[in-house]
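So you can see what is in the structure, the chains are spelled out below.
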Amino acid sequence: MLRKRAGALLAAALMVSALAACGDDEGSGSAGGGGGGDGKLVLGFSQVGAESGWRTANTKSIQESAAEAGYELKFSDAQGKQENQIKAIRSFITQRVDVIAFSPVVESGWDTVLKEAQDAEIPVILTDRAIDSPDESLYESFIGSDFVLEGKKAGEWLVEEYKDETGPVNIVELQGSPGAAPANDRKAGFAEVIAAEPEKFKVIASQTGQFTRTDGKQVMETFLKSHDDIDVLYAHNDDMGLGAIEAIEAAGLKPGEDIKIITVDAVKDGMTALADGKINFIVECSPLLGPQLMELAQTVADGGSVEKRVLTEETTFTQEQAKEALPDRKY
Ligand code: GZL
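Quantities reported herein were computed from a predicted structural model and do not represent experimental measurements. (Residues numbered from 1 in each chain as written. Predicted model: local features only at pLDDT ≥ 70, side-chain atom pairs only at ≥ 80, totals over all residues. Heavy atoms only, no water.)

### A closer look at helix 10 (residues 290-301)
Taking 1.5 Å of rise per residue, the 12 residues of helix 10 would be expected to cover 16 Å, and the 16 Å separating its terminal C-alpha atoms lies within 8% of that figure. Within the sequence span of helix 10, burial applies to Gly290, Leu293, Met294, Leu296, Ala297, Val300 and Ala301. Burial along helix 10 is one-sided: seen end-on, the buried residues are contained in an arc of 165°. Turning to helix 10, the residues buried within the fold contact strand 1 (42-47), helix 2 (53-69), strand 3 (99-102), strand 4 (124-127), strand 5 (141-144) and strand 11 (309-311). Just downstream of helix 10, Gly303 is the residue with a positive phi angle, here 80°. (Helix = DSSP H or I, 4+ residues; strand = E, 2+ residues; numbered from the N terminus. Expected span 1.5 Å × (residues − 1). Buried < 20%, exposed > 50% of the residue type's maximum accessible area, 1.4 Å probe, protein only. Arc of directions from axis to C-beta. Contact = heavy atoms within 4.5 Å.)

This is the structure in structure tokens:
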């Protein structure tokens, strides 16, 4: 009797696990069903804004890649506000798009809306910037740069550049927009490297320039008014560095000589200033995420599995390398 009972229980257990597995398969199947009626994949994308040359190039890459892939792209510009991105994501859910992708303007505060997308069985892909949620099930993949490494590359160039000098080397820093992953991480990576020589490398001022030329110029003006011993500017993107160059020149100083400048991005205007000797070193951060995003979107829409982290390839440029690279730059 006991053996029969055990057999029945085992059969029941096997049946339950089989059903559960089947249920899981449905969960990751092509979701949303928001196909634009004509079977086109419908991608909802919430963009940070239009704050910099990098962002413009990133938007262009996404729009052109979606068109080339034949997808219907629902594109929303959040103008730098998280509440606008949250509204856009909710709208994409209501419209039953097939896939949602976005570049989170800040790292925190996404769990609630991403849970709503998960409950609606619409897969989400993060592009460009990360979020700090511990729940990695809220998104299928994050495609973007390693911003801590970018900050480290900037710091390593500085240490090498001043290796034969005793210092102190006084640094001012233009940070990206508050709470943004690239701002947090580029600051951390740079600080980690220069912390090896704390008596030599000193950050005497550090303030956000919101990733924009205008703010970068204004903040650099205040730095110049309160410090007459600035050796180096570390700007978290080219645009703030370019704004700072205007302030440095207006103060009668030579950018790239009186004040050495390190920036991140490597957009055309930044690379031109580098080639002209007004910037000394640029760490590249590629905005051309469109093609890979479209591939990821198709895979997740088809219920396929993708890498949780897709790292973008990028390099660094000196003044000489910028001169050589400029003619072939795509952005
Ligand atoms: C980096 C991106 C940053 C750029 C800035 O991936 O999020 O935002 O470095 C842009 O130029 O504003």
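Structure shown, so let's carry the discussion forward.
### Things to note about the pattern of salt bridges
One pass over the full model with this rule turns up 21 salt bridges. For Glu51, the salt bridge is made with Arg129, and the minimal N-O distance between the two is 4.0 Å. Placement of the pair is Glu51 in the loop between strand 1 and helix 2 and Arg129 in the loop between strand 4 and strand 5, with a sequence separation of 78 residues. Residues Arg186 and Asp265 are paired through a salt bridge, measuring 4.0 Å at the closest nitrogen-oxygen approach. With Arg186 in helix 6 (residues 181-194) and Asp265 in strand 9 (residues 260-265), the pair connects residues that are 79 residues apart, well separated along the chain. With respect to burial, Arg186 and Asp265 carry one shared label: buried. One network of salt bridges, with partners in common, ties together Glu51, Arg55, Asp128 and Arg129. (Salt bridge = Lys/Arg side-chain N within 4 Å of Asp/Glu carboxyl O.)

### Structural notes on the nonpolar core
If you look at the biggest cluster of nonpolar residues, it comprises 54 residues, and the most contacted ones within it are Leu158, Ile171, Met220, Leu233 and Met271. Residue contributions to this core peak at six residues, all from helix 8 (residues 238-250). Those residues in contact with Met271 that lie beyond four places of it in its chain are Ala266, Ile282, Phe317, Ala322, Ala325, Leu326 and Arg329. The next biggest cluster of nonpolar side chains, apart from the first, holds 25 residues, and it includes Ile89, Val97, Val105 and Ala130. (Core = buried A, V, L, I, M, F, W, Y, C linked by side-chain atoms within 4.5 Å.)

### Topic: helix 3 (residues 82-94)
With 13 residues, helix 3 should reach 18 Å at 1.5 Å per residue; the first-to-last C-alpha distance of 19 Å fits that figure. Of all the positions in helix 3, only Gln85, Ile86, Ala88, Ile89, Phe92 and Ile93 are classed as buried. In an axial view of helix 3, the angular spread of the buried residues amounts to 160°, which keeps them on one side of the axis. Turned more than 90 degrees away from the buried face of helix 3, the exposed residues are Lys87 and Thr94. Packed against the buried residues of helix 3 are strand 1, strand 2 (72-77), strand 3 and helix 4 (111-119). At the C-terminal side of helix 3, Arg96 shows a positive phi close to 55°.

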